[in-house]
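Coordinate inspection notes
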Amino acid sequence: MAVTLGIGMGYAMADKSYMTDKGVAVFYPSGYDATQHEPSPIFVNKLKFVGDVPAEWNLRPEFSISDGKSMVRIPVGEGVDFYGNGEVSGPLRRNGKEVRFWNTDAPKYEADEGRRLYQSHPWVLGVRQDGTAFGVIADNTWKSSVTMDDDIVFESEGPAFRVIVIEKESPAEVLKSLADLTGHIEMPPLWALGYQQCRWSYFPDTRVKEIADSLRINRIPSDVIWMDIDYMDKFKIFTFDKEKFPDPKGLNDYLHDRNFKSVYMIDPGVKVEEGYWVDDQGTDADYWVKDASGKPYVGEVWPGLCHFPDFTRPEVREWWGTLYKDYMATGIDGVWNDMNEPAIFNVETSTMPEDNCHLGGGGLAPGPHLRYHNVFGYNMVKASRDGILAANPDKRPFVLTRSNFLGGHRYAATWTGDNASDPELMKMSIPMTLNLGLSGQPFSGPDIGGFFGDCTPELLSQWTSMGVYFPFVRNHSAAGTRSQEPWAFGPETLEVCRTAINRRYRLLPYIYTLFREAYEDGMPVMRPLFFADVKDPSLRSEQKAFLLGGDLMIVPRWAENTARPNGEWNKIVLEDTPDDGVQANLYQRPGSIIPVAELSQNTTEYNTDRLTLLVSFDPHGKATGRIYEDAGDGFEFRDGQYADYIATASTDGNDVTVRLSQTGGNWNKPPRSIRVGLVTPKGIEYTPWTEGEVVSFKL
Ligand code: GLC
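Now for a description of the structure that goes with this document. (Residues numbered from 1 in each chain as written. Predicted model: local features only at pLDDT ≥ 70, side-chain atom pairs only at ≥ 80, totals over all residues. Heavy atoms only, no water.)

Attention shifts here to the overall build of the protein chain. From N to C terminus, the protein chain includes twelve helices and 42 strands. Relative to the compact-globule value of 27 Å for 699 residues, the protein chain shows a C-alpha radius of gyration of 25 Å, a close match. With the C-alpha coordinates of the protein chain rotated into their principal frame, the extents come out at 75 × 70 × 45 Å. Across the protein chain, every contact between residues at least 6 apart in sequence was considered, and the portion connecting residues at least 24 apart equals 71%. For the protein chain, the accessible surface area stands at approximately 24,500 Å², while carbon and sulfur atoms represent 49% of it. Both charge centroids of the protein chain, one from 70 positive and one from 98 negative side chains, sit 3 Å from each other. (Helix = DSSP H or I, 4+ residues; strand = E, 2+ residues; numbered from the N terminus. Rg over C-alpha atoms; globule rule 2.2 N^0.38 Å. Contact = heavy atoms within 4.5 Å. Areas by Shrake-Rupley, 256 points an atom, 1.4 Å probe, with all protein chains shown as cover. Lys, Arg positive; Asp, Glu negative; His and termini not counted. Charge placed at Lys NZ, Arg CZ, Asp CG, Glu CD.)

Our focus in this paragraph is the sheet that holds strand β12 (residues 151-156). In a beta sheet, neighbouring strands pair by backbone hydrogen bonds and run either parallel or antiparallel. The six strands lie next to each other as β1-β4-β5-β12-β11-β7, forming an open sheet whose pairing is antiparallel. The sheet is open, and its two borders are formed by β1 (12-13) and β7 (98-101), each paired with just one other strand. Across two bridges, the pairing between β1 and strand β4 (residues 62-66) is antiparallel. Bridge pairing links Met13 to Glu62 in β4. (Pairing = 2+ DSSP bridges.)

This model, assessed by the stated rule, comprises 39 aromatic pairs. Between the aromatic rings of Trp191 and Phe398, the centroid separation amounts to 5.5 Å while the plane-to-plane angle is 65°, which identifies the pairing as edge-to-face. Linking Trp191 in the loop between α1 (171-182) and β14 (196-197) with Phe398 in the loop between α8 (376-391) and β23 (399-401), this pair joins segments that are 207 residues apart in sequence. Assigned by exposure class, Trp191 and Phe398 land together as buried. Centroid distance Phe311 to Trp320: 5.1 Å. Interplanar angle 85°. Geometry classified as edge-to-face. As far as burial versus exposure is concerned, Phe311 and Trp320 are alike and both buried. Aromatic ring contacts, followed pair by pair, group Tyr231, Phe238, Phe240, Tyr264, Phe311, Trp320, Tyr324, Tyr327 and Phe376 into a single cluster. Over the aromatic face of Phe203 sits the side chain of Lys244, whose NZ or CZ is 5.3 Å from the ring centroid. (Phe/Tyr/Trp six-rings, centres within 6.5 Å; stacked < 30°, edge-to-face > 60°. Buried < 20%, exposed > 50% of the residue type's maximum accessible area, 1.4 Å probe, protein only. Lys NZ or Arg CZ within 6 Å of the ring centre and 35° of its normal.)

Okay, structure coming up:
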């Protein structure tokens, strides 16, 4: 049935609309049924009325129902560049693309020709030629899709849904507004920003120890070793294989003694097995997702036939959280939630039937899988995070997830699923991670080296040399492929990887500050190049070169003819990390100060007692930067236990003064040594180390 109100093609203007924040309007279709969409998983708070939509408001969604589908069209006019859409394959700029929101186990991003992946973010960021920007949220979890041309068109298999439009002066302001609506990330533990080593098939525990030892012996700075499904007893979650992993606490102690953290995998599928306590508890309490006939749904995953917790139910999430208590008590530091689209083996759809039933609760109506599929992973990681936090209330939880939904960055970091050891997929990981950042998820990255297939020395070198500038840095590969650790290809590759990872660790003061910015403002950690100058149209499609924060441009060595922002961005090569011809080229923004630490082998050893300030003057002889520091874990920072500094530098062409001033927090760092690295077209010139907060010298 088409609703026609005279604007053509069966579309009608909103039935109701209002402002819900400054520059944020919400539009409701006629016949809107809140029970089919609310409480929304996207927003941290209920959208409230703060005023009427002004008459001059430009972007007005039009609604229609045709062929049983709920449609929304947002005419945006010409000359808009589209971004966002969450986790997507293909280019950074999304014009002309279609994205399907139906979370899918998508090996090599091949399902539906790459149109649907593991996560759904019904979100579009639009940037106009003049640099002003807008964002559109479809507040809808049902199976749906979006296309972006002169119009943005959402199409859903569920009931009519509301649309939120953000109008701002810049993309950064849109993202800040998105974060205000959907929540800010929590500060991650510092260790989660270090280099991480993973592989499906690190077993038995002696092999895990060997990997840890090799990282230290080879002087690869590193913080985390990952346990894939291999540690479990017959892939039963929350269990340990008695032979391969007889003493998990002992293993975790071993890792901790060497300054490693451990992250272990937990999938959603619970093996159907009488006498297996997790299955027994869920069955006794009737916690499983049901099939259309009301019986617990059974699907096949790694352990064989499995039950699946109905994470839409508050009491199930609560129960799920409690499972982590004894588990974390073995010394596990972080949790990896995988297969949570949910992925099901040996069925054509590779997931549950759309007519499976979820009970909801806590204000959420019961509904079919068609409605709740896209938030299965989201609700799972929400429960995981809460459970981990309850188990270790003094530590910052770390959860990595494969599946998620818009707003789910509040609960988990993400990796981009099962890629392959293929140079094209390495290149694609840049726009993927950038678009996740432009969709509210600042903490993500790909499997470095590639998951499927055999990596090569060249590929691992190239991938590591660029991957260390992503927010999340983890080398991971599939069982049965050739080994892919930095040392697995001989001394030359090892050297290149070590140099790249050394650079990561030296840049940690800068990177940690970027995570603080993400926490405060929703700014992506890794940003597209056009953020350097949103008015410069030549930067809009650049997806080989990218920015780490606002001040560092990364140009991978394989990237040719990349766009460049205006101004004198000088190349910097940090000491102890020589330019070997493979490392990505780094360029510093004129007018910026980047803090750099001495090299450390892990974040436990990391400190900023000796801090180098890389100063790159703008044409007026000025530069500024920021350094945020806290304990790197725990929550004392919320009570002021942190130190925020502004670094300022100025020169009249003869004298230079650089000053570090604490602007926030009541954490008093003991006195430290600082020095300046003056960034010039010829390289970096260092001053001697001095105690205190001021460095003055003559040019
Ligand atoms: C999935 C994950 C992958 C993991 C594998 C085995 O394919 O995406 O990262 O290694 O399962 O658990």
